[in-house]
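Letter by letter, the chains look like this.
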Amino acid sequence: MWKSKVLLVLMLLVLFCGCADTSKQVWNIVIDQKNLLATDSGKIIWQGTGEVVRNQWDNFVVTDWQNETPKQMLISNEGNVLLQCKEDEQLMQLSENLIAVQHSGQQWQVCTPSGKEYFFNRADIQQNGEILLCGLQSGGSVLLNPKGEEICAFSQEILWASNELQGWYETPNGDSTCLLNDKGEIVYKNVQRIVGQGRVLVKDERGYCVIQAETGKELYKGDKNWRLYLDNLKLEQLENGIQVQVAQRLYDMDFVKSWTNQNQLLYYIGTGKEMKVVWDAFGTELFACSAAQWLEVVQQNRIATLTDHTLKIFDETGKTIWAKKGYKNVSIVNTKEKTVLCAMQEHTEQTDVFSAEGEQLLDNLDEVYEITSQGVSAKKENVCGILSWDGTWLHQWKG
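Below: a short report on this structure. In this text the structure is predicted, and so the values were computed from the model without any measurement.

With respect to the pairing of strand β34 (residues 320-325)
Right, on to step 1. In terms of strand pairing, strand β33 (residues 310-314) meets β34 through 5 bridges, oriented antiparallel. Note on β34: the bridge partner recorded for Phe-314 is Thr-320.
Right, on to step 2. Connecting β33 to the next strand, β34, in antiparallel fashion are 5 residues, including Gly-318 with a positive phi near 95°.

What about the pairing of strand β41 (residues 383-388)?
Right, on to step 1. Judged by how many residues are buried, β41 sits mostly within the fold: 6 of 6 residues are covered.
Right, on to step 2. For strand β40 (residues 375-380) and β41, the ladder comprises 6 bridges, and the chain directions are antiparallel. Residue pairing for β41: Gly-375 is matched across the bridge by Ser-388.
Right, on to step 3. The antiparallel hairpin formed by β40 and β41 contains 2 residues in its connecting segment, where Glu-381 sits at a positive phi of about 55°.
Right, on to step 4. For β41 and strand β42 (residues 393-398), the ladder comprises 5 bridges, and the chain directions are antiparallel. Residue Cys-384 lies in a different strand from β42, and its bridge partner there is Trp-397.
Right, on to step 5. Here β41 hands over to β42 after 4 residues, with Gly-391 in that stretch at a positive phi of 90°.

Here's the deal with the pattern of salt bridges
Right, on to step 1. With the rule as written, the count across this model stands at 16 salt bridges.
Right, on to step 2. For Asp-58, the salt bridge is made with Lys-336, and the minimal N-O distance between the two is 3.8 Å. Taken as a pair, Asp-58 in the loop between β4 (51-54) and β5 (60-64) and Lys-336 in the loop between β35 (327-334) and β36 (339-345) lie far apart in primary sequence, 278 residues in all.
Right, on to step 3. In this structure Asp-58 comes out as partly exposed when scored by relative accessible area, which is 25%.
Right, on to step 4. According to the relative accessible area criterion, Lys-336 is exposed, its value standing at 62%.
Right, on to step 5. With its nearest N and O atoms 3.0 Å apart, the salt bridge here joins Arg-206 to Asp-204.

Points about the packing of aromatic side chains
Right, on to step 1. The final tally for this structure, using the stated rule, is 10 aromatic pairs.
Right, on to step 2. Ring centres of Tyr-220 and Tyr-229 lie 5.9 Å apart, and the angle between their planes is 45°; on these two criteria the pair is classed as tilted.
Right, on to step 3. A residue is classified by how much of its surface remains accessible, and Tyr-229, at 11% relative accessible area, is buried.
Right, on to step 4. Seen in terms of ring centroids, Trp-322 and Phe-354 are 4.9 Å apart; in terms of plane orientation they differ by 50°. Their pairing is tilted. Residue Trp-322 is found in strand β34, and its partner Phe-354 is found in strand β37 (residues 351-355); the two are separated by 32 residues along the sequence.
Right, on to step 5. Given a relative accessible area of 17%, Trp-322 falls into the buried group.
Right, on to step 6. Classification of Phe-354 as buried rests on a relative accessible area of 1%.
Right, on to step 7. Ring pairing ties together the aromatic residues Tyr-220, Trp-226 and Tyr-229, which thus form one cluster.

Definitions and limits used
- Residues numbered from 1 in each chain as written.
- Predicted model: local features only at pLDDT ≥ 70, side-chain atom pairs only at ≥ 80, totals over all residues.
- Heavy atoms only, no water.
- Pairing = 2+ DSSP bridges.
- Helix = DSSP H or I, 4+ residues; strand = E, 2+ residues; numbered from the N terminus.
- Buried < 20%, exposed > 50% of the residue type's maximum accessible area, 1.4 Å probe, protein only.
- Salt bridge = Lys/Arg side-chain N within 4 Å of Asp/Glu carboxyl O.
- Phe/Tyr/Trp six-rings, centres within 6.5 Å; stacked < 30°, edge-to-face > 60°.

In structure tokens:
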């Protein structure tokens, strides 16, 4: 029975996904403290007091809390109910065509279009869309493509795909990790972390060693606990922070994060007590600011800062592209087709929305519920509704 139910869901996914009608997009909006899913025209698909999350396939995972036991359902961006779970079930979408269901206290279960079933404990969805199912009921782990076709199997039950080392996998080994190749063979033990450019940091009785994973070439041996080990940029983990080494210059940072676009690493962003710095993927310093309270890369060649209530956008050379005063905090929202900055006004706490170039798209929003490529669902001047990017109300409800 459950198997036939999942096959029906797969047929619905194939039918509805990939054929979105933008004139009937579904939006998440809040009215009278209730979550609503509604179309551009105002047709309400669902309403309740639960949680609504739009996933990476533009479907909504709805958790309804109206009953003592929450119920979940999956609703497409066109308003079609793809799956309605029972009270003792929860769902997880693995790809455009695959949905897993977990019965209370049991393993997750997924049925592929070919009819093959897998029972598993954990799923790891990779950047290329492949799905690693771990802790199989039958033992080990398996790698599937987004269509649900099996790529390869592993004997290890606990496994993680290495996002920084394509085609490699990690499995726990005491306080450290073992690194496996795409054949499931353990190549390196006592791995501390991946340190960039296809390199791993291994610890043994001699100290730390940086190795080029594919070739086995040893690049460093000593006592430094590297977080990152590139040709031109190196990060060492210290007791009170991170020290960044670029050529002969040293930076003391609280933390450093990477910035990627379409799975390509483009920048490293360092935040310290005295300075915020942006380096490119090869360690070249592009931008530094000592006064900014907030600094982020908005998109390639666009860096934003908030300093003394002034929001600024720069290019990689440090040239100011745009600036505007009067903001207390800023966030960046990425959609499939648009990247925007949401800036809260200093005194009114209303939100203005800007493009990555500083063009003002919308202003004086009292609440922002959801941002998509087509516009926003928001509250403005006691009106809740859906706004297109040209400021036109697609539908309104009195708040």
